[in-house]
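Residue strings, one per chain:
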Amino acid sequence: MPTDILAHGLTKTFRTGVVAVNGFDLRVERGTVYGLIGRNGAGKTTALKILMGLLRPDRGEAKVLGRPLWEADPAHRQKVAYVSQSQQVPEWMSLGELGRYASHFYSAWRPELLQEQARRWELPLHLPISKLSGGNQRLAALAVALATRPEVLLLDEPAAGLDPVARRELNVCLVDALLRDEGCTILLSTHLLGDLERLAIHVGIMDRGRILAEGSVEDWQRTMRRVQVVFDGEAPPADFAIPGAIRSQVLGPVVTALTRVDDDAQLDGVRQLRGARVHVFPLTLEELFVDWFGGPAAAPESGEEISGQPGRSVPQPPNQRVGNGG
Amino acid sequence: MIPKLHLQLDERSGVPVYRQMMDQFKYYVAGGILRPGDQIPSIRELASALQVNPTTVVKAYTELERAGLIEKRHGKGAFVAPNARALTDAEQEEALRRSAKQLAVEATQMQVPPPKVITVVREELGALHSDRADEPVPVKFAVVGGES
């Protein structure tokens, strides 16, 4: 499979001194869906803007369909659609006018796709976009993006501000885009991890400007577990560690760890320890994400050291690749 | 006619989505709701209805085909295979064991004594058999999986 989206060593520091993206690597193969998750301020929006060619990186390369978009010609750029977190469509135009306007710039433009989408989402074609609700403005931007029949779709929190019904509609649309004969490659950032479980093939957790961990959703669902070991007594034995633990916390005699369990037998040694009870729980993607960042109580403020937390949290090497990548 | 399938995807299960779909098809066949020769939803229908990546549906169908449960007929869609066997004894036990394990963990967490757990299970089984003697095996609910 060709790589449709590629970033290597991307770095971007803003004039304010904020390092938004720092050694960002990414590879998205044709026809797949890649979900970018991370806390606010992790750099997701900046990374997407660089890929879209709206920002130039200080270092590194960013290619979509084989070329950096900031130097690509219009014929190349029109194969890629981007819907940002903030509104970008001209608000004074109606959706119908916007469609006619866009049809001049996109050779793959399909007016009937916009009509159909507008009907499905009950978007008025004749009202200025500024008169629509925030959620509907987002849907209008998406409807335009989808009608360009992009080969690559970059979405920055597309579901933010949408009600549950609209969110479902959005997901159905993305499935439709994937089902088109020509297919579609989708990179999206989101906080709605339940949707990603169904749609994404790969997920990358972004932290402080880079991918902290990356894996296939299927692999993570199969292997990532919360393992809890409860010891009799007041504390676990000295130098006790759960095999495969990615992140551990100790509370009295209870050790809880986000753990990669490839084979249940890897925990047999722990089960045989005297006075140890082992519990293994499956995790939703959302729980996995929370556990990765130290659990709700220990969640660090953005910008704070994550791996070197005080207490007995176990530091992890940065930028580990977890899983076989499918 | 394509029967109405109610596939339920459970994000808490720790089981990959394609496997959950496969398991539920198997339960449908085991429960007699899907019979040999029945048409099943197309990949397109199922992906849209469940908002699942089509690749995942393809994977589930491919595995089901390999397991001899369904067959694709060119240009007509996918059907339950004529000699589709419901769960093998081993598969049945595996499915049962998965649920039992979850129950055991939760009971231990709540410090319920084992005899009580067994009593509760026995009572639940009894209740099912008394009021639903003639009904088919109850299957999971929600999300309509597409119909023509």
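Residues numbered from 1 in each chain as written. Chains lettered and ligands numbered in written order. Predicted model: local features only at pLDDT ≥ 70, side-chain atom pairs only at ≥ 80, totals over all residues. Heavy atoms only, no water.

Every buried residue of helix H2 (residues 43-50) of chain B is accounted for by Leu46(B), Ala47(B), Ser48(B), Ala49(B) and Leu50(B). Elements in contact with the buried residues of H2(B): helix H6 (164-179) and helix H7 (193-199) of chain A together with helix H1 (17-30) and helix H3 (54-66) of chain B. (Buried < 20%, exposed > 50% of the residue type's maximum accessible area, 1.4 Å probe, protein only. Helix = DSSP H or I, 4+ residues; strand = E, 2+ residues; numbered from the N terminus. Contact = heavy atoms within 4.5 Å.)

All names here are of chain B. In this model, chain B carries a mean pLDDT of 80, and residues with pLDDT of at least 70 account for 84%. Per-element averaging of pLDDT across chain B places helix H4 (residues 89-109) at the bottom with 83 and H3 at the top with 94. Residue range residues 133-148 is modelled with pLDDT below 50. Its contacts to residues more than four positions away, or to other chains, number 39 contacts. Here the predicted complex carries an ipTM of 0.78, next to a pTM of 0.79. (pLDDT = per-residue confidence, 0-100.)

We now examine the interface of chain A and chain B. At the junction of the two partners, chain A supplies 25 residues and chain B supplies 25 residues. At the boundary of chain A and chain B, one finds one salt bridge. Here Lys59(B) and Glu218(A) are joined by a salt bridge, their closest N and O atoms 2.9 Å apart. Seen at the junction of chain A and chain B, the total is nine residue pairs in polar contact (both at pLDDT 80 or more). Put simply, the parts of the chain that give the side of chain A that touches chain B at least two residues each are H6, H7, helix H8 (217-223), strand S10 (224-231) and strand S13 (276-282) of chain A. With seven residues, the top contributor of residues to the side of chain A that touches chain B is H6(A). Class assignment of the residues belonging to the side of chain A that touches chain B gives a composition of ten nonpolar, six polar and nine charged. (Salt bridge = Lys/Arg side-chain N within 4 Å of Asp/Glu carboxyl O. Polar contact = N/O pair within 3.5 Å; in protein donor to acceptor, adjacent residues only side chain to side chain. Nonpolar A, V, L, I, M, F, W, Y, C, P; charged D, E, K, R; others polar.)

Here we come to the side chain of Gln228(A). Turning to its location among the elements, Gln228(A) is positioned in strand S10. Within polar-contact distance, the side chain of Gln228(A) engages the side chain of Thr256(A) at 3.3 Å. Residue contacts for Gln228(A): discarding those within four places in its chain leaves Val254(A), Val255(A), Thr256(A), Arg277(A), Val278(A), His279(A), Phe281(A) and Gln109(B).

Bringing the sheet that holds strand S4 (residues 59-64) of chain A into the picture now. All names here are of chain A. With antiparallel pairing, three strands are arranged side by side in an open sheet as S2-S1-S4. Of all the strands in the sheet, just strand S2 (19-29) and S4 have a single pairing partner and so form its edges. The mean angle between the axes of side-by-side strands here comes to 20°, regardless of whether they run parallel or antiparallel. Both strand S1 (residues 3-13) and S4 contribute to a ladder of five bridges, which runs antiparallel. (Pairing = 2+ DSSP bridges. Axes fitted to C-alpha atoms, helices over the stretch in contact; angles between N-to-C directions.)

All names here are of chain A. Phi is positive for glutamate 122, close to 55°, though the residue is something other than glycine. Secondary-structure assignment places glutamate 122 in the loop between helix H4 (111-120) and helix H5 (134-147). Within the chain, arginine 208 stands out as a residue other than glycine whose phi angle is a positive 45°. In this fold, arginine 208 is placed in the loop between strand S8 (202-207) and strand S9 (210-216).

Moving on, we come to empty space enclosed by the protein. Residues and elements named next belong to chain A. Applying the stated rule across the entire model yields three cavities of 30 Å³ or more. What the largest cavity holds in volume is close to 70 Å³. In terms of lining, the largest cavity is formed by Pro158, Ala159, Leu170, Asn171, Leu174, Leu188, Thr190, Leu192, Asp195, Leu196 and Leu199. Among the elements of the structure, H6 and H7 are those that each provide at least two residues to the lining of the largest cavity. Of the residues belonging to the lining of the largest cavity, the class tally is eight nonpolar, two polar and one charged. What the second largest cavity holds in volume is close to 40 Å³. Every residue lining the second largest cavity is listed: Glu197, Val217, Trp220, Gln221, Leu283, Thr284, Leu285 and Leu288. Contributions of two or more residues to the lining of the second largest cavity are made by H8 and helix H10 (285-292). Broken down by element, the lining of the second largest cavity gets its largest block of residues, three residues, from H8. Grouping the amino acids of the lining of the second largest cavity by side-chain chemistry returns five nonpolar, two polar and one charged. (1 Å grid on protein atoms, 1.4 Å probe; cavity = no way out; pocket = protein on both sides within 12 Å on 5 of 7 lines; lining within 4 Å. Points joined across faces, edges and corners; volume = space filled by probe spheres on them.)

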